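Topology and contacts: notes
Spelled out, the chains give:
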Amino acid sequence: MGHLAESTQTGALRYIEDLYQHADGILGVNGLDDALAEMDVRALADVLESWFVAIRNQPKVTRADELRWNAGLRFVTDVLTWLSTSSIPDDQLRDVEARLHRLSTLYGQLHVRKSGQIEIVRSLPSSVVEALYELLDPESIQNPFKGDRTRWRVYIAFVLMLHQGLRRGELLLLTAIV
């Protein structure tokens, strides 16, 4: 963190202190230091997971909480990386590197902040699907298209889009064999 501004370093150290306090509640006093020194990846994973859940379950999650999570995760992985390269025989080094990679992969993809957008369900109600089937049936009197070839093309396009999940652009890229 030497390249960071002093205020940024202070903030990161506060976040790491928060991780230590959380770990003390789970592993006991100095539990995080002991887990790091012993390279106890299972204990570290338990601490990180419970810390993530504690941050995420706050009533209001801010950008600072995301920074807090990232600082704590980076601290744990950096210390493990540093320890693994300095004091471990080669056979144990491979094992620790594999565990560290697993830890980074598992927790590096987690984000504290929830998405601000509400997910919209974009499925058609069954009554609409039934009405479209009746309307676009090539042999239906209600079908608005005049030619048989056009009726069949529209019906096939509808079925492909509905059942295969094709979007307009993907449907238009398909080549027609006549």
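The structure presented is a predicted model; accordingly, all values stated were derived computationally and were not measured.

Examining the packing of aromatic side chains
Applying the stated criterion to the full structure yields 6 aromatic pairs. With a centroid separation of 5.1 Å and 85° between ring planes, the pair formed by Tyr-133 and Phe-158 is classed as edge-to-face. Here Tyr-133 is found in helix H6 (residues 126-136), whereas its partner Phe-158 is found in helix H7 (residues 148-164), with 25 residues between them in sequence. According to the relative accessible area criterion, Phe-158 is buried, its value standing at 11%. Each member of the aromatic cluster is reached from another via a ring pair, and the members are Tyr-133, Trp-152, Tyr-155 and Phe-158.

Some thoughts on unusual backbone geometry
Most peptide bonds are trans, and most residues other than glycine sit at a negative phi. The phi torsion at Asn-30 lies on the positive side, around 65°, for a residue other than glycine. Mapped onto the elements of the fold, Asn-30 is located in the loop between helix H1 (6-27) and helix H2 (31-38). Note on Asn-30: relative accessible area 45%, which makes it partly exposed.

Quick notes on the pattern of salt bridges
When the charged atoms of two side chains lie near each other, side chains of opposite charge can form a pair. Under the defined criterion, the tally for this structure stands at 2 salt bridges. With its nearest N and O atoms 2.6 Å apart, the salt bridge here joins Asp-18 to Arg-68. With Asp-18 in helix H1 and Arg-68 in helix H4 (residues 63-86), this residue pair connects regions lying 50 residues apart in the sequence. Here Asp-18 falls in the partly exposed class, since its relative accessible area comes to 23%. Classification of Arg-68 as buried rests on a relative accessible area of 12%. Between Asp-65 and Arg-68 there is a salt bridge, with the nearest N and O atoms lying 2.8 Å from each other. Placement of the pair is Asp-65 and Arg-68 together in helix H4, with a separation of 3 residues, close to one helical turn. A relative accessible area of 8% means that Asp-65 is categorised as buried. Residues joined by salt bridges that share partners form a network here, namely Asp-18, Asp-65 and Arg-68.

A word on the nonpolar core
Nonpolar side chains in soluble globular proteins tend to be buried together. Ranked by size, the top nonpolar core spans 20 residues in total, and within it Leu-19, Leu-32, Leu-36, Leu-44, Trp-69 and Val-76 carry the most contacts. Mapped by element, the contributors of at least two residues to this core are H1, H2, helix H3 (41-56) and H4. Among the elements that take part in this core, H3 stands out by supplying 7 residues, more than any other. When near neighbours in sequence (up to four residues on either side) are disregarded, Leu-44 contacts Leu-32, Ala-35, Leu-36, Val-76 and Leu-80.

Definitions and cut-offs
- Residues numbered from 1 in each chain as written.
- Predicted model: local features only at pLDDT ≥ 70, side-chain atom pairs only at ≥ 80, totals over all residues.
- Heavy atoms only, no water.
- Phe/Tyr/Trp six-rings, centres within 6.5 Å; stacked < 30°, edge-to-face > 60°.
- Helix = DSSP H or I, 4+ residues; strand = E, 2+ residues; numbered from the N terminus.
- Buried < 20%, exposed > 50% of the residue type's maximum accessible area, 1.4 Å probe, protein only.
- Salt bridge = Lys/Arg side-chain N within 4 Å of Asp/Glu carboxyl O.
- Core = buried A, V, L, I, M, F, W, Y, C linked by side-chain atoms within 4.5 Å.
- Contact = heavy atoms within 4.5 Å.

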